[in-house]
Amino acid sequence: MRLKRLVQNVGTYFFRRTINLTLYPSLLGLLSFLTTGRKLRETLRSSAGYKCVTMKPKKLGIIGGSLLGFGVLFCAIVFPPFLRSQIKKQVALKQGSEMRELWAKFPLPLDFKIYLFNVTNPTEITAGAKPIVEEVGPFFYDEYKEKVDLVDREEDDSVEYSLKATWYFNPSRSNGLTGEEELVVPHILILSIVKLTLAEQPAAMGVVNKAVDSIFKKPGSIFVRAKAREILFDGLPIDCTVKDFAGSAICSVLKEKADSFVPDGENRYLFSLFGDKNGTVLPQRIRVLRGIKNYEDLGRVIELDGKPELDIWGEGTCNEFNGTDSTIFPPFRTERDDIVSFSPDICRSMGARFVYRSKVKGVDAFHYKADFGDMSTNPMEKCFCPTPDTCLSKNLMDLNKCLGAPLVGSLPHLLGAEEKYLQMVDGLHPNEEEHDISMDFEPMTATPLSAHKRLQFNMFLHKVEKFKLMKNFPECLFPLFWVEEGILLDDEFVKKVKVVFKTISIVGILKWVTILSGTCVSGAAAAMFFKNRDKGSMDVTKVTPQSQSGKEDEQKKWPPNQMTISTIQSAAVPPNLDGN
């Protein structure tokens, strides 16, 4: 019974040693006291609460084999695939799951920053001078995104939704800006009317001249002075109560796109950059895969408004949906995997490439970067060209077919674009840290720890002889504004990510501790076994009584039946292990 209790105590001892090593790693210390069976016995003898014992090789071997088996079978073989299977289940967009709720309505706001370019020399530009701009921002908004009207389809493991975005101005993070600042900016709606008319009906420019005077009350310049909040959300007035032919003709076209304006009474509207989208459900319906049947399909876009691909670009792959909806990604990323997503805002898919390993809030991550490519040189992007014969150069994207407005997308401050465009305007200062598209992902769970999605809107402007406000306008790619949508994951969610890696670290340490300790203990048991076996070899000395006369009194008197003597030396056994 005492021997049984000893084995249990030794098992408890090694378990405690293992746990202590897991919490306070000291592998060298473990190896030093497990090097030989002698050291093991000395440790056991000196440990508080344990009596001086000598463990039998068989029992010691069982303990070592158990530790080794646990380390190899559970920690090295069973746990990794078990963890992967759990991650696959947790990230799937299954109805009622925590991930589904977070994906559909993330409880934390995204950081939404808007930077406007204030024009400092509007009069000189009208006369043909080089534009000079200065950046004003950020106007910081808390952006809440929500997926609404969700419809699941079990047969193809997909879910369909509409997107709703709501912005709230955050003055505390706007660097002292309030939205009341007066800025001079190009009137984007007037410029769009002029550009579209030139492209589709250039002979109607005379009508446009009269319509602009009627609807916008005879502006003296293509530039308008307005408060930042009016430009961004509150809106600039559009008066479609006019009765003249030119004004009525243009207003009839504008009314077809009334959902792009905020109503302000009968036949009156307000035009702003984001006002019509704030708090409204966008009409587009997006269908993505849920990743329940195949985790690699998680979030992959398969339909937009019921169509399996776009129909606005030229021949090629540009109309295809590649990647996810940019709000969720499949787990288990490697350095060879790009982060690919489809963005309805610009009607295209974009891929972010792995650049280097990073660390965000103590979590190891992969750092990715993206850009707009180069449709002028990349055959795969030729289909993004405005026409087969006219292609924009690197890091520029024509958005006219996507947005219905003659806008050109780029990185902020024309980062990565051709130098000639930077030379056309003074006041642009591109740098990668502030103006690139970048993100940091934890690769195992594909959790975006930080992200910076940046996009600048520009417009090609030039002299328009038949439009009086632009008769002497210089040729340039004019910067209008740029936005940054980003996130730095909250500490609460980072802790959830860290739990996974703490578990992995503990199991990893436990694996090597148990394998090494099991190997050492088993080795010690084997050494003890072979040592005792050598000692157990028979070293026999036969003593035969002599019967020579005169010497019998000198002979040794041996007890009966003990004429053959073994010199086997048994190991000392403490008196408390004698079987009682």
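Residues numbered from 1 in each chain as written. Predicted model: local features only at pLDDT ≥ 70, side-chain atom pairs only at ≥ 80, totals over all residues. Heavy atoms only, no water.

Quick notes on the state of the cysteines
- Evaluation of the coordinates by the stated rule reveals 4 disulfides.
- For the protein chain, the bonded cysteines pair up as 1-2, 3-5, 4-8, 6-7 when numbered in the order they occur along the sequence. (Disulfide = S-S within 2.5 Å.)

Some points on the pattern of salt bridges
- In this structure the tally under the stated criterion is 33 salt bridges.
- The residue Asp 311 makes a salt bridge to Lys 307 at a minimum N-O spacing of 3.3 Å.
- Asp 364 is the salt-bridge partner of Lys 359, the closest N and O atoms lying 2.5 Å from each other.
- For Lys 359, a relative accessible area of 54% translates into the label exposed. (Salt bridge = Lys/Arg side-chain N within 4 Å of Asp/Glu carboxyl O. Buried < 20%, exposed > 50% of the residue type's maximum accessible area, 1.4 Å probe, protein only.)

With respect to helix 10 (residues 245-255)
- For helix 10, the full list of buried residues reads Ala 246, Gly 247, Ile 250, Cys 251 and Leu 254. An end-on view of helix 10 places all buried positions within 120 degrees of arc, on one side of the element.
- Contacts made by the buried residues of helix 10 are with helix 7 (188-200), helix 8 (205-215) and strand 6 (236-239). (Helix = DSSP H or I, 4+ residues; strand = E, 2+ residues; numbered from the N terminus. Arc of directions from axis to C-beta. Contact = heavy atoms within 4.5 Å.)

Quick look at unusual backbone geometry
- Residues Gly 137 and Pro 138 are joined by a peptide bond in cis, for which omega reads 5 degrees.
- With respect to the element layout, Pro 138 can be found in strand 2 (residues 133-153).
- Phi at Asp 157 is positive, roughly 55 degrees, even though this residue is not glycine.
- Relative to the helices and strands, Asp 157 resides in the loop between strand 2 and strand 3 (158-169).
- Residue Lys 218 is not a glycine yet carries a positive backbone phi of 50 degrees.
- Its place among the elements puts Lys 218 in the loop between helix 8 and strand 5 (223-227).

Side note on the nonpolar core
- Counting 132 residues, the largest nonpolar core has Ile 238, Phe 274 and Phe 467 as the members making the most contacts within it.
- A total of 8 residues in this core trace back to one element, the largest contributor, which is strand 19 (residues 476-488).
- Beyond its immediate chain neighbours, meaning those up to four positions away, Phe 274 contacts Phe 112, Ile 114, Trp 167, Leu 232, Phe 233, Phe 481 and Val 483. (Core = buried A, V, L, I, M, F, W, Y, C linked by side-chain atoms within 4.5 Å.)

Here's the deal with the environment of Leu 428
- Counting through the fold element by element, Leu 428 comes out in the loop between helix 12 (419-423) and helix 13 (432-435).
- Judged by its relative accessible area of 11%, Leu 428 falls in the buried class.
- Between the C-alpha atom of Leu 428 and that of Ile 132, which follows or precedes it by 296 residues, the distance is 9.0 Å.
- Excluding anything up to four places from it in sequence, Leu 428 contacts Phe 117, Val 133, His 413, Leu 414, Leu 422 and Pro 479.

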